[in-house]
Amino acid sequence: MALIIKSDFARDDIWRDAFNAVAPDLDCRSWQSPGDLADIEYAFVWKPEKGGLRRFPNLKCIFSIGAGVDHLLGDEGLPEGVPVVRMVEPELTRGMAEYVALHVLRCHREVPTLEQAQRDRVWNELIVPTAPDRRVGIMGFGVLGQASAQALSAFGFDLACWSRTEKAFPGGQSFHGAEGLKPFLGRTEILVCLLPLTPETEGILNRDLFAALPRGAWLINAARGGHQNEDDILEALESGQLVGATLDVFRKEPLPADHPFWSHPRVTVTAHIASVTQPRSAAAEVVANIRRIEQGAAPLHTVNIKAGY
Ligand code: NAP
Ligand code: GLV
């Protein structure tokens, strides 16, 4: 049983060690020297070159190293009929819940204002609403959106979610579909984007969407740069429609050195690290899925190629 690995940041060796620890029988090969291509039954990849997966005639399943699969579905040369599995693993989920809780609290408690007050040596006895009076909205209510909502519910925030299909959300208000978007936005002071990037969601964080938020809202985008219109974010910050933006993802990554976000006083930039797939926990999940396939069961967390996520 051979698994081809194509990872980022030259992490192939780390991944090979993680797979060896849980599945010594798995023959891990590297993208650069795969050996006999017919041996490869599984692929574990991040941003493989377009058409590159077609080289393997006996592929049974393609595992994405990340939760997002836009790096794969944009490839017209993706082998047909081979299931694509997105990454669902506990530490990636935990990391995103941490990031969202950290940045929602930062917006809620107006930390940037307090930091500026300290720089100005101003004793600012800032009073903010209590969490139950702060309305947080999560766009995308899948694995990461739900875990983030659970983390935020511990503080008692007034929560709402927005998804493509109807979702039960006992901890808050649930909106879905195009008709649910405006009412969802209209009650959202801190907006968290955790959508997948698909043809439907591309560019969704734009001027029209910001205009539907209450004036002075916050934006947190931990999903994909392709969701955001960056000029519209700058314009909304300028007009006061948005009071601040926390952005982990960008149209162009790494964010170019001359991009206005770097020095904008009300933008927080992080370098696409909201949450990172962790080798130990992820390898265990992938191997469990491979064992399922070997026993004739369908893999878990397969992507709906038509829906794009
Ligand atoms: P997921 O479980 O597939 O959940 C996706 C959610 O988005 C679902 O609730 C889905 O609705 C909703 N959705 C999809 N298309 C929609 C549309 N057109 N309108 C409204 N809602 C829509 O995905 P996940 O595991 O939570 O991951 C979400 C995304 O986070 C990934 O795709 C990736 O881009 C991003 N991510 C970023 C980082 C980072 O470090 N920045 C790390 C990991 C992941 P339904 O529930 O109705 O299907
Ligand atoms: C990271 O961006 C991921 O999709 O897991």
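Novice: How should the site of ligand 2 be read in this particular structure?
Specialist: Lining the immediate surroundings of ligand 2 are Gly66, Ala67, Gly68, Arg224 and His272. Here an oxygen atom of ligand 2 and a backbone polar atom of Gly68 are 2.8 Å apart. Within the contact set of ligand 2, an oxygen atom lies 2.6 Å away from a side-chain nitrogen or oxygen of His272. In isolation ligand 2 exposes 190 Å². Once the protein is present, 85% of that is buried. Taken together, the residues of the shell around ligand 2 sort by class into one nonpolar, three polar and one charged.

Novice: How do you make sense of the sheet that holds strand S8 (residues 172–176) when you look at a structure like this?
Specialist: Adjacent strands of a sheet pair through backbone hydrogen bonds, lying either parallel or antiparallel. Pairing in this open sheet of seven strands is parallel, and the strands run S8-S7-S6-S9-S10-S11-S12 from one edge to the other. Edge positions in the sheet fall to S8 and strand S12 (267–269), since each has one partner strand and no second. Here the average twist between neighbouring strands, direction ignored, is 15°. Both strand S6 (residues 135–139) and strand S7 (residues 158–163) contribute to a ladder of five bridges, which runs parallel. Note that in S7 the partner of Met139 across the bridge is Trp162.

The rules behind these values
Residues numbered from 1 in each chain as written. Chains lettered and ligands numbered in written order. Predicted model: local features only at pLDDT ≥ 70, side-chain atom pairs only at ≥ 80, totals over all residues. Heavy atoms only, no water. Near = heavy atom within 4 Å. Polar contact = N/O pair within 3.5 Å; in protein donor to acceptor, adjacent residues only side chain to side chain. Areas by Shrake-Rupley, 256 points an atom, 1.4 Å probe, with all protein chains shown as cover. Nonpolar A, V, L, I, M, F, W, Y, C, P; charged D, E, K, R; others polar. Pairing = 2+ DSSP bridges. Helix = DSSP H or I, 4+ residues; strand = E, 2+ residues; numbered from the N terminus. Axes fitted to C-alpha atoms, helices over the stretch in contact; angles between N-to-C directions.

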